[in-house]
Amino acid sequence: MIESLSIANTATYGLKPQVLDRLARFNFLFGTNGAGKTTITKVIANPGAYPDCALVWKKGTPLEPMVYNRDFIECNFNSAPRLKGIFTLGVEDIVNLQAIAAKKAEHDGIVNTLEQLTNTLQGQDQKSGKKGELVDLEAHIKSKCWDQKQKHDGDFSVAFTGARNSSEKFKERVLAELASNNAELKSLDYLRDKAKTVFGVTPVVEVAVPGLGPADIVGHESNPVLAKKVIGKADVDIAELIQRLDNSDWVKQGQAFYERSKPTCPFCQQKVRESFEASLSSYFDETFAKDTKAIADLQAAYACDADALRAKLKAVVDGGSRFMDMAAFEVERSAIEARMATNALLLANKAKEPSLPAHIEPMSELLEAASKLIANANAAVAVHNEIAKNITKERADLTKQVWKYILEVELKAELKAYAGKRTGLNAAIASLNGQIQEANASKTVKSKEIKDLEKSATSIEPTIEGINGLLKSFGFRNFSIAKADDGPFYKLVRADGSDAKDSLSEGERSFVTFLYFFHLLKGSESESGTTADRIVVFDDPVSSMDSDVLFIVSSLVKSLFDPVRKNIGGIKQIFVLTHNVYFHKEVTYTSDRGGDAKVGERSYWTVRKGAGGTVVERHNTNPIKTSYDLLWEELRRPDKSPLTVQNTMRRILENYFKILGRMDFDEICDQFEGQQKAMCRSLFAWVNDGSHFSHDDAFYTFDQASIDSYLEIFKQVFEKTNQQAHYDMMMVGSS
């Protein structure tokens, strides 16, 4: 069966596909001439000729399309000099027929197996099954991979180059890296930090941060003069007093003042004896002078080294290296500056009071901390410069490391599960494909066996008998179909044996062509293929036919429904397309009394032209309702109105027998005899009179008994004209 049909960019159809989906066993399409119905039949007949259209077969199994449309009529009747013979199975060779039936059962079993395998492989919709599971699996892993692209694209866009704009390409890159990536696994922080340099603007070689050099200033901390008590000579007569008072530094300062005030003491203003100056000079001898000079030299040297160190510290800050932790360095620099200032003050105090031991603050720890910051910065500079010199290789290495992180940290569990499921699904798909290939081979063998048996059991003779029987039963007696003299062909002949093909009316041509197609459904144009499974399409089969033939054709079409419903024979699905309201109503009629109209076995469609092209619309119920239906609906009511029932019957009889059937009322009355004929004439007289004129209740009154009597005659009119099926259909109610 065809499950769905999509038509676009063909004939009257626009670019937007028109889809007929959820197709049933019986599918009815109604539309005006030129709306686009025939295009649908052409696509079904030869889908390969329409690249913008598509058919989806149930379980992926295509069936043979049998299409009755203008192309069929032209090919088989108008342009063909003779009709091809239709081979059908004879009923005499029981053994051969049984053999064919057995082979057909085996063939159908293989087809069922193929359908089951195909269903397992790709589902009824050709989108599920194992292939569908594989598609879903690929979509799932693609989504998971793409999540990583979205998550890390801001940091590692360069590593994703070539796969950033396609989730499919990104997934393929992940799988390729999974098969070949042997990079070292790095932390995300490491990758992000390195990416700033490697994936940023192409780096240039950076200048190293200047170091602080040798710590000369530290050497002053161990100068022995700092701890030495610098005092005068001990064996001078005033030495004992100075040492006892411990005021050597005060005396030394006073000596300078005495040089300006001698011989008067600058402090007490008394005259100093001559020996005191000599004693004072003797007390502050050459050793004292040497020690005080050493203190002064130390103070000067320390100041010089401090200035040099300040210059180096300033050079580091002025360099402004981006690899330097300037905030931390400034803290250390401030500490060093403060320590040097403190030590300078301590040295000044030592120079002022040389007799007091002094201890300056150590600088080593502070200098080591500052030097370590510089060393760290220069290490980063060295790494950066190495990257700058080898940027191509560094980018390649970092790219590998980024993908390694995604593989091992972000997607490891997903990829492991994916690989396992994918292996299993691919194995299952390969196995199913192998089984399908074997089943198809068996199917081909079985089909050949059936064809060989059919060749010895088929004949074109039964078709001649069948078509001629239908022609006679429906009143076509002035021509018939006969076997041609040269091969398996038919010819149309008159009673005298003359050729009748060119002298047939258009209606006769259409009817005989339809009968030919109808019998072709039961056979084949070759000696084999009579038992092939098929779908059947009727495209306006009553076109150009007389209205009385309309009901004949509808009956023949409907005769195919029950075998299809019961799965008897080769026809599996039927499409009926028409623009004729009455034919549509006849062929779609179904009675729910027998319970044989299952839910979902029919689909109803309308085909119409829209602004952008043909539009196909699905309907839950039969969309074609007419005023004719409404008349019958009125007649079906149990509480019929005496005032309207006359007009209702008149319009029904006129529509059906005079307008559609072209039958005169007198001709209909001639079908009756005796009293019934009189009642029939009375009915028509009453109908015509009652529907067109008013009655005076004083002279003419209708009661329920009168209405019932004439309703019975109304029914018999249909029975006598062999239209009881139509009466039954309309009195039950249309679908």
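So, here's what we can say about the structure. (Residues numbered from 1 in each chain as written. Predicted model: local features only at pLDDT ≥ 70, side-chain atom pairs only at ≥ 80, totals over all residues. Heavy atoms only, no water.)

Let's talk about the sheet that holds strand β11 (residues 534-539)
Stage number 1. Read across the open sheet, the six strands follow the order β5-β11-β12-β3-β13-β14; overall the sheet is mixed. Of all strands in the sheet, those bounded by a partner on one side alone are β5 (64-68) and β14 (613-619). Direction aside, the axes of adjacent strands within the sheet are offset by 20° on average.
Stage number 2. The pairing of strand β3 (residues 26-31) with strand β12 (residues 571-578) spans five bridges and is parallel. In the sheet register, Phe-26 faces β12, and the bridge partner there is Ile-574.
Stage number 3. Along the sheet, helix α20 (residues 581-588) contacts β3, β12 and β13 (602-610); its crossing angle with β3, the most-contacted strand, is approximately 165°. (Pairing = 2+ DSSP bridges. Helix = DSSP H or I, 4+ residues; strand = E, 2+ residues; numbered from the N terminus. Axes fitted to C-alpha atoms, helices over the stretch in contact; angles between N-to-C directions. Contact = heavy atoms within 4.5 Å.)

Let's talk about helix α1 (residues 37-45)
Stage number 1. Burial analysis of α1 places seven of its nine residues in the buried class, which makes it a mostly covered element.
Stage number 2. Residues Lys-37, Thr-38, Thr-39, Ile-40, Thr-41, Val-43 and Ile-44 constitute the buried set of α1. (Buried < 20%, exposed > 50% of the residue type's maximum accessible area, 1.4 Å probe, protein only.)

Focus: the packing of aromatic side chains
Stage number 1. Evaluated as defined, the whole model comprises 18 aromatic pairs.
Stage number 2. Their ring planes at 40° and their centres at 4.7 Å tell us that Phe-26 and Phe-561 sit as a pair that is tilted. In this pair, Phe-26 sits in strand β3 while Phe-561 sits in helix α19 (residues 561-565), placing the two residues 535 residues apart along the sequence.
Stage number 3. Seen in terms of ring centroids, Tyr-68 and Phe-514 are 5.7 Å apart; in terms of plane orientation they differ by 90°. Their pairing is edge-to-face. A residue pair is termed long-range when its members are at least 10 positions apart, and Tyr-68 in strand β5 and Phe-514 in helix α17 (residues 506-520) qualify at 446 residues.
Stage number 4. Using a relative accessible area of 0% as the deciding quantity, one classes Phe-514 as buried.
Stage number 5. Here the basic side chain of Lys-186 rests over the ring of Tyr-190, its NZ or CZ set 4.8 Å away from the ring centre. (Phe/Tyr/Trp six-rings, centres within 6.5 Å; stacked < 30°, edge-to-face > 60°. Lys NZ or Arg CZ within 6 Å of the ring centre and 35° of its normal.)

Topic: the side chain of Thr-118
Stage number 1. Position of Thr-118 among the secondary structure elements: in helix α3 (residues 94-122).
Stage number 2. Among all residues touching Thr-118, those that are not within four sequence positions of it are Lys-59, Gly-60, Gly-123 and Ile-436.

Some points on the sheet that holds strand β2 (residues 18-20)
Stage number 1. Reading across from one edge, β2-β1-β4 is the order of the three strands in this open sheet, with antiparallel pairing throughout. Looking at strand neighbours, the two that pair on one side only are β2 and β4 (54-57), the edges of this open sheet. Going across the sheet, the axis of each strand differs from the next one's by a mean of 10°, ignoring polarity.
Stage number 2. The pairing of strand β1 (residues 2-7) with β4 spans four bridges and is classified as antiparallel. Within the sheet, the bridge partner assigned to Ser-6 lies in β4 and is Ala-54.
Stage number 3. Packed onto the sheet, α1 meets β1 and β4 and runs at close to 120° relative to β1.

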